[in-house]
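Summary of the model geometry
As a plain string of letters, each chain reads:
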Amino acid sequence: MASSTATPPRRIETVRFARPTTGNQNERPKPKPHVKYDSLLHDQLRKFCSAIYSNISDCDEVYNFWEPLHYLDQGYGFQTWETSPAYSIRSWAYVALHLFPARVVRLLNLDKRQSFFAVRAALAVLCALAESKFYRAVVEKVNPHVGRYTLFFLASSTGMWGAASAFLPSSFAMMCNMVAFSFALDLPSRLNNQRTLAAIFCFALGGVFGWPFSLAVAIPFVFEELFVYGKDKIKPEVYSTWFAGRLGRLIQGGLLAYLLFFPVIAIDSLAYGKPTITPWNIVRYNIFPSSSTGPELYGTEPWYFYLFNLALNFNLVLPLALLSLPALAIARSVEYKRLGSRPMADESSPFVLLAMRLAPFYVWLGILTAQPHKEERFMFPIYPLLCFNAAVALYLVRSWMEVAYIKVTSSPYKASKSSLFSTFTLWVIMITSLISISRTFGLVKYYHAPLDVVFHLQNTELPRLLNATNLLVTQSLTSSEDDGKKWVSTSKYAEDEQQQVDLTPIKTFGGLKLCYGKEWYRFPGHYLLPDGVQAEFVKSEFDGLLPGHFAPSQEGAAGLWSWSRHGARMGHSALNDQNQEVMDFYTDASTCDYLIDSDFPLRSAHSEPSKLEPRYVAQTAEWDKVYCQEFLDAQESGRFSRLLWFPGSFWKENGFGFDGGNKFGEYCLLRNKKLAEERESKDWSHVRV
């Protein structure tokens, strides 16, 4: 006998896009999905932590952006050939955007070291805000599950940890792309000009102020705007009129974006002292180089470089992202209802609509993979889109599991009650998060020494030096006289939480030299060195072009209406775009007051150190060890063990075991014995700056 109650039809949650409309419908808008703000808060806190603890992974960030900002703010710093007016392929307009947080710190009478972290914190906060908008758009325009997966991937990935606070145009373009896609995820419509104009403006902001090549991410958006109906229902007889309207709107958006060039051209021309279109200079150098120049001078990588690099930074998220379009094609065949109802002849297919939103990741990866010169930072603009693609793929894989479960059990009701699918997605997110967190901790634990060593120089070694030369001055944090400061002289150095050491007397010595040899590419920038200490280079095995120094500038800041940093308009005559070494940029190691160098005993056991890269640590007659910190010897460590970190001595000593585990050397601050003895044997107390 048949049951008196029929089995209710299974409710299929779909990728949600608005229904096509002719513009005459007056439907009441559906309530917006709930947004989990606690997850957003966790993501924002993690981004802020990245500003404090993340490493500087790219020397280009220091020499082409931190150093120009330091010059703009403080009046001295390193100058690369890119910031020479002869080539002018770095934008002072982009650099100047970061001057405000650095100057706020100065107004608060804090150390310039805090300016460094203030800039990074500002970048991290902006990135978190962009992520929040992007996440909300995915939840509201695509699917709540996809939105949550995207947020988890963004919040936990090692790639986003490093990119969030990076002072790089590609990182700025990444933030702009997130905001642009928060608009572009809505469907195009002849009634929605805001979507088009806002998205174009944000894409252009990242390309004009940041990195011009990031505009390639917008190619699928432009294609969709011109050829995909979106919310519109178009009959063949009005297609020409419709297309003309879409094209006109796109041109209108382009004209709006063109306005962004005016401030960039104005600021860069003012800085370089001549008419300058920096975005064009960047494109010309990279796309139309001469026979003796071009990005390939700085190294080439195999085609699979980005796949390996993205796997390190995103682990399981990468294969999911690569799977997204094939998964969409499978879903179209297996369960079309998951994408929505089938379209009429005058409507857009939901399959095409979602494919347009997955395409930018593939377009960018394809274009960049085809270039011989590859760098990790070039992938920054599509990091959020990689997470979005992976989230879509995870959602579709989960839907396949539901279909398979129903076929096996013949019970949609059981499928709706089963926790199997949510458990699957939870485990995927947990595993990828665990790997990412382990990788992130590994980067901090293994490679943070370059920042820690200069911190020790400022907070321990230089106060010791001032104490030894009777120049130690401390600032009371509780009293105030005259201009708000009370200076107390003392001949005994002690760490006291109530006293702040004033390092100004360092200038009494006429400037201290902190030198870098083979570790030149790990120099963290002059913001982390106190005034009176200037970095220099000593010759190493590297035979390419290192930066020179900006021409010193008088006190005063660059503004929009005047530019007092005239060194930006001058460049050392030897700076060149052919990566040819300039010997004038080196100093003799014997003239260095301090030297920073890495030491890896296991490597030295295999081969003799070269003449240009000796073991300075072992030259105890010339150099004193001031401070050393453990530093991973990646060359001698296990291929897999060096990628991750877990707490405990067992992991440190054995790693995975099968690959030999991790091996460590030292990253050291060394003091020139002869110069130190000469300096500290004198009484400098009668000398004041």
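Source: prediction; values computed, not measured.

What follows deals with the confidence of the model for the protein. On average, residues of the protein score 87 in pLDDT, and 88% of them reach the 70 mark or higher. At the low end of the mean pLDDT range in the protein sits strand β3 (residues 487–489), at 38; at the high end sits helix α8 (residues 169–184), at 98. Of the regions scoring below 50 in pLDDT, residues 1–12 engages in 8 contacts with residues more than four places distant in sequence or in other chains. Contacts from residues 556–561, a stretch scored under 50 in pLDDT, to residues over four places away or in other chains number 14 contacts.

Turning to a nonpolar patch on the surface, a few remarks are in order. Together, Phe 201, Leu 256, Tyr 258, Leu 259 and Phe 262 make up an exposed nonpolar region whose accessible area comes to about 490 Å². Given a relative accessible area of 32%, Phe 201 falls into the partly exposed group.

Counting buried residues in strand β6 (residues 533–537) gives 4 out of 5 residues, a clear majority hidden from the surface. Examined bridge by bridge, strand β5 (residues 512–516) and β6 share 5 bridges and lie parallel to one another. Note on β6: the bridge partner recorded for Tyr 516 is Phe 537.

Ranked by size, the top nonpolar core spans 137 residues in total, and within it Trp 92 and Phe 153 carry the most contacts. Ranked by the residues each element gives to this core, the list is headed by helix α17 (residues 383–409), at 12 residues. Those residues in contact with Phe 153 that sit more than four places away from it in its chain are Val 317, Leu 320, Cys 387, Ala 390, Ala 391, Leu 394, Ile 429 and Thr 432.

Attention now moves to the state of the cysteines. Applying the stated criterion to the full structure yields 2 disulfides. Linked covalently through their sulfurs, Cys 515 and Cys 592 form a disulfide whose S-S length is 1.9 Å. Disulfide Cys 515-Cys 592: torsion about the S-S bond near -90°, hence left-handed. Residue Cys 515 is found in strand β5, and its partner Cys 592 is found in the loop between β7 (548–549) and β8 (594–599); the two are separated by 77 residues along the sequence. With respect to burial, Cys 515 and Cys 592 carry one shared label: buried. Across the disulfide, Cys 628 is cross-linked to Cys 668 (sulfur-sulfur distance 2.0 Å). Taking the torsion about the S-S bond as the criterion, the Cys 628 to Cys 668 disulfide, at about 115°, is right-handed.

Now for the pattern of salt bridges. Taken as a whole, this structure holds 30 salt bridges when the rule is applied. Salt-bridge contacts for Asp 58 lead to Arg 377; the nearest nitrogen and oxygen are separated by 2.7 Å. Of this pair, Asp 58 sits in the loop between α1 (37–53) and α2 (59–74) while Arg 377 is found in the loop between α16 (350–369) and α17, placing the two residues 319 residues apart along the sequence. Each member of the pair, Asp 58 together with Arg 377, is buried. For the salt bridge of Asp 60 with Arg 90, the shortest nitrogen-to-oxygen distance reads 3.5 Å. Within this pair, whereas Asp 60 is found in helix α2, its partner Arg 90 is found in the loop between β1 (78–79) and α3 (92–96), the two being separated by 30 residues in sequence.

Relative to each other, helix α4 (residues 99–107) and helix α5 (residues 112–141) sit at 140°, their axes nearing to 8 Å. It follows that α4 is oblique to α5 by the angle criterion. Between α4 and α5 lies a crossing of right-handed hand. The segment α4 lies against α5, with Pro 101, Ala 102, Val 105 and Arg 106 engaging Gln 114, Ser 115, Ala 118, Val 119 and Ala 122. Its residues assigned to classes, the contact of α4 with α5 comprises 6 nonpolar, 2 polar and 1 charged.

In this section: helix α6 (residues 144–156). An α-helical turn contains 3.6 residues, so any two residues separated by three or four positions project in the same direction. Between its first and last C-alpha, α6 extends 18 Å over 13 residues, near the 18 Å set by a 1.5 Å rise per residue. Along α6, 11 of the 13 residues are buried, which leaves the element largely enclosed by surrounding structure. Residues Pro 144, His 145, Val 146, Gly 147, Tyr 149, Thr 150, Leu 151, Phe 153, Leu 154, Ala 155 and Ser 156 constitute the buried set of α6. Its side-chain oxygen 2.7 Å from the backbone nitrogen of His 145, Asn 143 forms the N-cap of α6.

The subject of this paragraph is the sheet that holds strand β10 (residues 664–672). Spatial ordering of the open sheet is given by β6-β5-β8-β10-β9, a layout of 5 strands whose pairing is mixed. Each end of this open sheet is capped by a strand with a single partner; those strands are β6 and β9 (623–632). Along the sheet, successive strands turn relative to each other by an average axial angle of 25°, direction set aside. Relative to β8, β5 runs parallel, the two being bridged by 3 bridges. In the strand pairing of β8, Cys 515 is matched with Leu 595.

With that out of the way, let us pick up the packing of aromatic side chains. Given two aromatic rings, one states the distance between the centres and the angle between the planes to describe the pair. Across all of its chains, the model carries 54 aromatic pairs by this definition. Between Phe 509 and Trp 684, the ring centres sit 5.0 Å apart and the planes meet at 85°, which makes this aromatic pair edge-to-face. Of this pair, Phe 509 sits in the loop between β4 (499–502) and β5 while Trp 684 sits in the segment after α23 (673–680), and the two are 175 residues apart along the sequence. The pair Phe 509 / Trp 684 is uniform in exposure class, with both members buried. Every member of this aromatic cluster is reached through a ring pair, and the members are Phe 65, Trp 66, Tyr 94, Phe 116, Phe 117, Phe 167, Phe 172 and Tyr 527. Positioned above the aromatic ring of Phe 351, the side-chain terminus of Arg 332 is 5.1 Å from the ring centre.

Scoring rules and cut-offs
- Along each chain, the written sequence defines residue order, and numbers are assigned to residues from 1.
- In keeping with the model being predicted, local features are shown solely for residues with a pLDDT of at least 70 and side-chain atom pairs are shown and tallied solely at 80 or more, while totals for entire chains, interfaces and linings include all residues.
- Only hydrogens and water are removed before side-chain values are computed, so all heavy atoms of the structure are retained for them.
- A score from 0 to 100, pLDDT tells how confident the predictor is in each residue.
- Strands here are runs of E lasting at least two residues and helices are runs of H or I lasting at least four, both read from the DSSP assignment and numbered beginning at the N terminus.
- By the convention used here, residues are in contact when the closest approach between their heavy atoms is within 4.5 Å.
- Only residues whose relative accessible area exceeds 30% and that take part in no salt bridge are eligible for patches, with like-charged residues grouped when within 9 Å of each other and nonpolar side chains (Val, Leu, Ile, Met, Phe, Trp, Tyr) grouped when within 5 Å.
- Shrake-Rupley sampling with a 1.4 Å probe provides the accessible areas, and residues are treated as covered by the protein chains on show and by no other component.
- Salt bridge criterion: a side-chain nitrogen from Lys or Arg within 4 Å of a carboxyl oxygen from Asp or Glu.
- Categorising residues by exposure relies on relative accessible area from a 1.4 Å probe, with only protein chains included: less than 20% of the type maximum marks a residue as buried, more than 50% marks it as exposed, and the intermediate range marks it as partly exposed.
- Criterion used throughout: strands pair if DSSP finds at least two bridges between them.
- For the purposes of this section, nonpolar cores are sets of buried Ala, Val, Leu, Ile, Met, Phe, Trp, Tyr and Cys residues that join through side-chain atoms within 4.5 Å.
- Here, two cysteine sulfur atoms that lie within 2.5 Å of each other are counted as a disulfide.
- Axis geometry follows a simple rule: fit a line to the C-alpha atoms, using only the stretch in contact for helices, then measure angles between N-to-C directions, giving values from 0 to 180 degrees.
- Should an angle lie under 35 degrees it is considered roughly parallel, over 145 roughly antiparallel, and from 65 to 115 roughly perpendicular; all remaining angles are considered oblique.
- The sense of a crossing depends on the near helix, which, turned anticlockwise from the far helix by less than a right angle, makes the crossing left-handed and, turned clockwise, makes it right-handed.
- Gly counts as polar in this scheme, as do all residues outside two lists: the nonpolar Ala, Val, Leu, Ile, Met, Phe, Trp, Tyr, Cys and Pro, and the charged Asp, Glu, Lys and Arg.
- Any helix carries an expected span of 1.5 Å times its number of residues minus one.
- Any N or O atom pair separated by 3.5 Å or less is treated as a polar contact, with the protein-specific requirement of one donor-capable and one acceptor-capable atom, and with residues adjacent in sequence counted only for side-chain atom pairs.
- Aromatic contacts are taken between Phe, Tyr and Trp rings whose centres are within 6.5 Å, Trp giving its six-membered ring; a plane angle under 30 degrees counts as stacked, one over 60 as edge-to-face, and the others as tilted.
- Two thresholds decide whether a charge sits over a ring: the Lys NZ or Arg CZ must be within 6 Å of the ring centre and within 35 degrees of the ring normal.

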